[in-house]
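A structural walkthrough
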Amino acid sequence: MKTTKSEIIRKAAGLFVHNGYHGTSLNDISEAVGIKKAGLFFHFKNKEELYKAVLEQYVTSIPSPNVLFEDNMHCSLTEFIEVFSNKKTYFLNTMKDVIEKEEINFSQAMSFLLESGRLDNSCHEAIRNFDKEMLEVWKIIVLKSQQSEETTNKYPAEHIANIIYMAYKGHLMSKAFGTVEPDKSKELLEKAYALFKK
């Protein structure tokens, strides 16, 4: 049976997530795929090129927050928290097939994301830009909530957005390291919002 390039990328992604870039060899990948190492070289000239293909498939292809939330920019802050909570694993949605087929958990997927940002400049830029755009989306939502008097005007929208989003990011890192329950992000966002609710 012929092995497709997409199958190699998926299997390689699973190994990179489980073992890290440096802990994964081409021999490991060829064994997992079920082909000889020479078969990998038909598609990729080396491990680095294969790793970049994995990142392009699963990390740098993540849609921007402006695209992800373009239909939700009219929401109240309360409504947006609900929407955001439902979409909070947007950066893992592109890895859905790997997560399902290669038995990967949230912590492993997040570790992979962090490692990819350290090892690859384009990936680092993609993650950084996503983060900046996501914060801008939160600022817009908070500003609208202040204009509608849902949220206090006592503090600048930028400060409130930073506090809410940074609280969420801190929770995300705690989830990645397995130190908190996995499904508390909505509750945390609501508590952060309650600090500024009118």
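Each remark here, short or long, concerns the structure printed above.
Residues numbered from 1 in each chain as written. Predicted model: local features only at pLDDT ≥ 70, side-chain atom pairs only at ≥ 80, totals over all residues. Heavy atoms only, no water.

A few words now on the layout of surface pockets. Rolling a probe over the atoms, with the probe sized like a water molecule, indicates the empty space that remains. What the largest pocket holds in volume is close to 550 Å³. Taken together, 26 residues line the largest pocket, and the ones lying closest to its centre are Leu 113, Ile 127, Arg 128, Phe 130 and Asp 131. When residues in the lining of the largest pocket are grouped by element, the largest group, eight residues, is from helix α10 (residues 121–147). By residue class, the composition of the lining of the largest pocket is 16 nonpolar, five polar and five charged. (1 Å grid on protein atoms, 1.4 Å probe; cavity = no way out; pocket = protein on both sides within 12 Å on 5 of 7 lines; lining within 4 Å. Points joined across faces, edges and corners; volume = space filled by probe spheres on them. Helix = DSSP H or I, 4+ residues; strand = E, 2+ residues; numbered from the N terminus. Nonpolar A, V, L, I, M, F, W, Y, C, P; charged D, E, K, R; others polar.)

Between side chains of opposite charge, a pair can form when the charged atoms approach closely. Scanning the model with the defined rule gives six salt bridges in all. Between Asp 131 and Lys 169 there is a salt bridge, with its nearest N and O atoms 2.6 Å apart. Taken as a pair, Asp 131 in helix α10 and Lys 169 in helix α11 (residues 157–176) lie far apart in primary sequence, 38 residues in all. Given the relative accessible area of 23%, Asp 131 is considered partly exposed. Judged by relative accessible area, which is 28%, Lys 169 ranks as partly exposed. Among the ionic pairs, Lys 139 bridges to Glu 158, the shortest N-O distance being 3.7 Å. (Salt bridge = Lys/Arg side-chain N within 4 Å of Asp/Glu carboxyl O. Buried < 20%, exposed > 50% of the residue type's maximum accessible area, 1.4 Å probe, protein only.)

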